[in-house]
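# A closer look at the structure
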Amino acid sequence: MSALAGAFFSLGNLLNVALSIAVIGILGVGMTAVILTGGIDLSVGSGVALSGVVAALAAHAVDSGAATGGSPSLLPVVAALGAALAVGAAGGVFTGVAVARLRAPAFLVTLALLSIERGLAFLFSSGQAVSDLPAGFNWLGQGIVFGVPVPVWLTAACFGVGWFVLARTTWGRWIYAVGGNEAAAWLAGIDTRGVTLGTYVANGLLVGLAGAVLTARLGAAVPNAGLGYELDVIAAVVVGGTALTGGRGSVLGTLAGAVCIGTLDNALNLANVDPYLQRVVVGVVILLAVLGERLRHRGRT
Amino acid sequence: MRTRRAGAGLPVRVPNADACPSAQRGRRCTARRRVRTEALGNPLTAVVAAVMCIAACSGSGDHAASSGGAVTKVVGVTLLTREQHFYQDLEAGVKDAAARRGYRLVLTSGDFDLAKQQAQIDNFVVQHVDAIIVCPVNSQGIGPAIDRATAAHIPVVSADTKAVGTHVVAAVASDNRAGGQLAATYMVRALGDSGAVAVIGQPETQTGLDRQQAFVDEIGRHPRMAVVAILNGGGVRDRALKAADDILQGHPELRGIFAINDESALGALAAATTRGKTGATFTIVGYDATPEAVKAIKSHSSLKADVAQQPRDIGERSIDALAAYFDHRPVDSVITVPVRVVDAETP
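This section reports on the structure supplied with the text. (Residues numbered from 1 in each chain as written. Chains lettered and ligands numbered in written order. Predicted model: local features only at pLDDT ≥ 70, side-chain atom pairs only at ≥ 80, totals over all residues.)

## Re the overall build of chain B
A count of helices and strands for chain B gives twelve helices and twelve strands. The buried share among the 347 residues of chain B stands at 46%. For chain B, long-range pairs separated by at least 24 residues make up 70% of all intrachain contacts whose partners lie at least 6 apart in sequence. (Helix = DSSP H or I, 4+ residues; strand = E, 2+ residues; numbered from the N terminus. Buried ≥ 20, exposed ≤ 12 C-beta atoms within 10 Å, placed from the backbone. Contact = placed C-beta atoms within 7 Å.)

So this is what it looks like as structure tokens:
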């Protein structure tokens, strides 16, 4: 048991946990904002796969065009990252327009997008992994700066910016207002449609970034990547105390939620707990966290 | 079409909607909304009709493609998925063998959905196909559907996963236990018969369990070796990567990983490479020998060997079994397609 504790509390393992929650964490920042507006995004897992596949294909397309030169250039890296962000943003625009303009339920729109994006990921990649990515791109997932993996830096940056926007800017106030009471926010002169649309686009950009990071980490884009991530991300957000009804919660709570679930996963793995049992334990912990949060709020009112 | 459009009632109900007091101001008139949604009936029917048309067209296209000259037999095929290399190869084997014999194929895929696959088999029965080849989504759950086909005097062959609790003409499958054992034998040799190893499994599938259990059993026969961790990689690369990260973190002494499929093996390879492990210090053995994995093996990474199944053979021998059945020749009820090890030396 002490050996286990030693392995668990080592600096290496803490970085390991941080790295393992990087993708879920990046997605969690966007999901928190979306849920704060009273929405939801079920398509993030598929979005991660699709943006990864398109990024890899873009890198290949640009690379084969410039391959005659021989020297490694930055162009494929920029193309790949740009493509991933563009795909993510496009998904965000799609959802944002459907939800904000057409008044469609976010649950159903993103459920449809989940299927569409997964299908496109398989179509574009012919169901195969797209590997042999430029080294510069893989650095996004595998590089280390000042002893800390690049994905961890990126995740920290996303949480920092997310926290600042939501807690310290007018835009952030508007997001809380829209989720708290949309009609009241509209009457108060807030462009509620614009805020909702903007939130989904920002979330989309983060999905694109997460797709790029995961692809770079694997060194290949796989069309079945990100299966079930939507549930992991929503779990992290909810365990972090953000209300699914919107208007209440924070990015820092989501960070705590992601760390909590990531740490639990890691500890169960290190302890070599039966994989079947692991799922049960994780579910029970999520349930306890949500119930605890519920009781805390009931006490307050 | 014209009569239906009138039936949607838009022209009739518009005055009704106008009668709504708030209609002029606009937004929340329920009457108008109701009219709108009913009017939606038309485009929706059109969409459904279009989809059915596309399905019918592409379906007939498939038939045309696989029918050579005179069609003698029609074989309904329900694959597990068309999105994995293994089943794409299996499908190719079925197609080739069917084309050689002039059989017409009706190709479908259960897409990991038991209810969908059962419905596909029921459809084959209604279509009066001459035989059915099924790659079961679930070995326990597919039985009743196969029973219904058998009751309709349609012979069924299972390819890859076996069906439990029912009768098939032949069960064509790789020997997954032999594969797990081969992987263990390779691992023992690569590590010089000593050291700690781990398994990245997929305990949700019978094939995954068989491979894992046979590997663990074989390692258990070597007193100086130990399986120190068995984690679930879900058979997909990103989950396997995370599992491998945790294994490598928790067991610095680890010398090898057996992954029950190549997606898991490539995830483990990414984790090992990030931690600076090379082929000199670490051995990963995968399963399936997909082109990407074989490339990694040939490039002398820590992924050193793969157990290769022969999905094309499984597909071809499924058709062969049906051919024997049609000719009233004896058919083996269990047909085992051998597995082999692929490493850097394999041509």
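## Overview of the pairing of strand 10 (residues 303–308) of chain B
Regular strands show a simple pattern: their side chains alternate between the two faces of the sheet. Residues and elements named next belong to chain B. Most of strand 10 is tucked away, with six of its six residues classed as buried. Sheet topology places strand 10 next to strand 12 (residues 340–343); four bridges connect them, and they run antiparallel. From the neighbouring strand, Asp306 faces strand 12, where its bridge partner is Val342. (Pairing = 2+ DSSP bridges.)

## Details of helix 3 (residues 22–36) of chain A
All names here are of chain A. Between the first and last C-alpha of helix 3 there are 21 Å, a value that for 15 residues agrees with the 21 Å anticipated at 1.5 Å per step. Along helix 3, the sharpest change in direction is near 25° and occurs at Gly28. Across the 15 residues that make up helix 3, a large majority, 15, are buried. The positive-phi residue at the C-terminal boundary of helix 3 is Gly38, with phi of around 90°. (Expected span 1.5 Å × (residues − 1). Bend = angle between axes of the 7 residues up to and from the residue.)

## Overview of the nonpolar core
Within the largest apolar cluster, 143 residues are counted, with the highest numbers of intra-cluster contacts made by Ile26(A), Leu27(A), Ala55(A), Ala80(A), Val213(A), Ala244(B) and Ala268(B). Element by element, the count of residues in this core is highest for helix 11 (residues 192–218) of chain A, at 15 residues. In this structure Val213(A) touches Ala22(A), Val23(A), Ile26(A), Leu140(A), Gly141(A), Pro151(A) and Leu154(A), once residues within four positions along its chain are discounted. Judged by nonpolar contacts, the second largest core, of 42 residues, contains Leu79(B), Ile121(B), Ile154(B) and Val169(B). (Core = buried A, V, L, I, M, F, W, Y, C linked by C-beta atoms within 7 Å.)

## Observations concerning the interface of chain A and chain B
Every contact between the two is made by 25 residues of chain A and, on the other side, 19 residues of chain B. Where the side of chain A that touches chain B is concerned, the elements lending two or more residues are helix 2 (11–20), helix 11, helix 13 (251–270) and helix 14 (275–300) of chain A. Of the residues contributing to the side of chain A that touches chain B, the split by class is eleven nonpolar, 13 polar and one charged. (Nonpolar A, V, L, I, M, F, W, Y, C, P; charged D, E, K, R; others polar.)

## Thoughts on the sheet that holds strand 11 (residues 334–337) of chain B
All names here are of chain B. Ordered in space as 2-1-3-4-5-11, the six strands form an open sheet in which the pairing is parallel. One side of each edge strand has no neighbouring strand; the edge strands of this open sheet are strand 2 (104–109) and strand 11. Within this sheet the neighbouring strands show an average axis-to-axis angle of 15°, counted without direction. Here strand 4 (residues 156–159) pairs with strand 5 (residues 170–174) via three bridges, running parallel. Across the sheet, residue Val157 finds its bridge partner in strand 5, namely Ala170. Running at roughly 165° to strand 5, helix 12 (residues 311–326) makes contact with strand 1 (74–79), strand 3 (131–134), strand 4, strand 5 and strand 11 of the sheet. (Axes fitted to C-alpha atoms, helices over the stretch in contact; angles between N-to-C directions.)

## Quick notes on the sheet that holds strand 6 (residues 195–201) of chain B
All names here are of chain B. Overall, mixed pairing links the six strands, which are arranged 7-6-8-9-10-12 in an open sheet. Each having just a single partner strand, strand 7 (225–232) and strand 12 make up the two edges of the open sheet. This sheet shows a mean twist of 20° between the axes of neighbouring strands, independent of strand direction. Contacting strand 6, strand 8 (256–259), strand 9 (283–287) and strand 10, helix 10 (residues 262–274) crosses the sheet at an angle of about 160° to strand 9.

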